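Commentary on secondary and tertiary structure
Each chain is listed here by its residues.
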Amino acid sequence: MRIQIAQRADADELLGSNPFALLTGMLLDQQVAMEWAFTGPFTIAERLGGELSPGEIADRDPEEFAALLARKPAVHRYPSSMAKRVQQLAAYLVEHYDGDAAALWRDVPDGKELLRRLNDLPGFGKQKAQIFLALLGKQLGVTPEGWREAAGPYGEQGSHRSVADVVDDESLARVRAAKQAAKQAAKRAAEPG
């Protein structure tokens with residue numbers, strides 16, 4: 001299956017061919033539109049001359065890297081803090097997986113272990129880890145035993161809860177509608193009375 005999260009062919013091609021780009025997009029996916037977040041890795045790669053690797057990013061001067069993300073149009077609403085997070089993710093992958101992002105899920109024994117590995121990543125909390133695990137299972141065929149259970153509600157077949165379920169324009173609209181409905185329900189539940 002072809003990745004279509006950024007809704008831009010060149011950015012989606014990078015996401016589908018570079019596991020570090022996909023992880024970086026997931027890391028950037030907060031407080032900005034999903035497409036903007038997942039286009040971020042392509043923008044970073046372009047600004048680095050076409051290369052996007054954990055080793056390259058981990059070795060960059062932090063101020064220079066932050067400036068690279070802040071250049072107009074900015075990669076994220078908060079380019080400095082996200083530059084720091086991307087470099088932390090890159091350094092972690094270099095230290096623990098020899099810079100091979102796919103080693104996180106290659107030969108993983110089960111979904112529980114994969115979730116643990118994803119939770120250990122800098123910038124990944126439980127929800128982000130579960131969503132990424134669901135993305136791996138639903139779109140990349142990474143389906144170790146128990147992956148759906150480990151992904152929680154994001155692993156449910158036929159759901160439209162997250163980026164894991166975005167495969168085209170229609171599914172993107174369904175995910176957006178589901179997120180909006182969840183926000184409205186949470187708002188109503190928080191109202192007094």
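Scroll up to find the structure this text is about.
All of these numbers come straight from a predicted model, not from anything done at the bench.

What to know about the environment of I57
Counting through the fold element by element, I57 comes out in helix α4 (residues 54–58). Taking the C-alpha atoms as reference points, I57 and L135, separated by 78 residues in sequence, lie 24 Å from one another. Those residues in contact with I57, other than ones at most four positions away along the chain, are F20, I44, L48, L52, F65, V86, Q87 and A90.

Quick look at the packing of helix α7 (residues 111–119) against helix α8 (residues 126–140)
When two helices pack together, their arrangement is given by the angle between the helix axes and by the axis-to-axis distance. Packing of α7 against α8 leaves a shortest axis separation of 9 Å and a crossing angle of 130°. Here α8 runs oblique to α7, going by the angle between their axes. The element α7 and its partner α8 pack so that their crossing is right-handed. Residue-level inspection shows G111, L114, L115, L118 and N119 of α7 in contact with α8, the latter providing K126, A129, Q130, F132, L133 and L136. In terms of residue class, the contact of α7 with α8 is made up of seven nonpolar, three polar and one charged.

Comments concerning the packing of aromatic side chains
Inspection of the entire model under this criterion finds two aromatic pairs. Note on W105 and F132: the rings are 5.9 Å apart at their centroids and 50° apart in plane angle, and the pair reads as tilted. Placement of W105 in the loop between α6 (79–97) and α7 and of F132 in helix α8 is noted, with a sequence separation of 27 residues between them. Since its relative accessible area comes to 12%, W105 is described here as buried. Each ring, one from F124 and one from F132, has its centre 6.2 Å from the other, and the planes form 85°; the classification is edge-to-face. On the accessibility criterion, F132 (0% relative accessible area) is buried.

Structural notes on the pattern of salt bridges
A full pass over the atoms with the stated rule returns 10 salt bridges. Note that R116 is salt-bridged to E113, the shortest N-O span being 2.6 Å. Highlighted residues: R116 and E113, both in helix α7, separated by three residues, approximately one helical turn. For R116, a relative accessible area of 42% gives the class partly exposed. The partner of D165 in a salt bridge is K138, with the nearest N and O atoms 2.5 Å apart. Linking D165 in the loop between α9 (147–150) and α10 (169–190) with K138 in helix α8, this pair joins segments that are 27 residues apart in sequence. Put simply, E113, R116, R117 and D120 are held in one network by salt bridges that share partners.

Basis of the calculations
Residues numbered from 1 in each chain as written. Predicted model: local features only at pLDDT ≥ 70, side-chain atom pairs only at ≥ 80, totals over all residues. Heavy atoms only, no water. Helix = DSSP H or I, 4+ residues; strand = E, 2+ residues; numbered from the N terminus. Contact = heavy atoms within 4.5 Å. Axes fitted to C-alpha atoms, helices over the stretch in contact; angles between N-to-C directions. Parallel < 35°, antiparallel > 145°, perpendicular 65-115°, else oblique. Left-handed = near helix turned anticlockwise from the far one by under 90°. Nonpolar A, V, L, I, M, F, W, Y, C, P; charged D, E, K, R; others polar. Phe/Tyr/Trp six-rings, centres within 6.5 Å; stacked < 30°, edge-to-face > 60°. Buried < 20%, exposed > 50% of the residue type's maximum accessible area, 1.4 Å probe, protein only. Salt bridge = Lys/Arg side-chain N within 4 Å of Asp/Glu carboxyl O.

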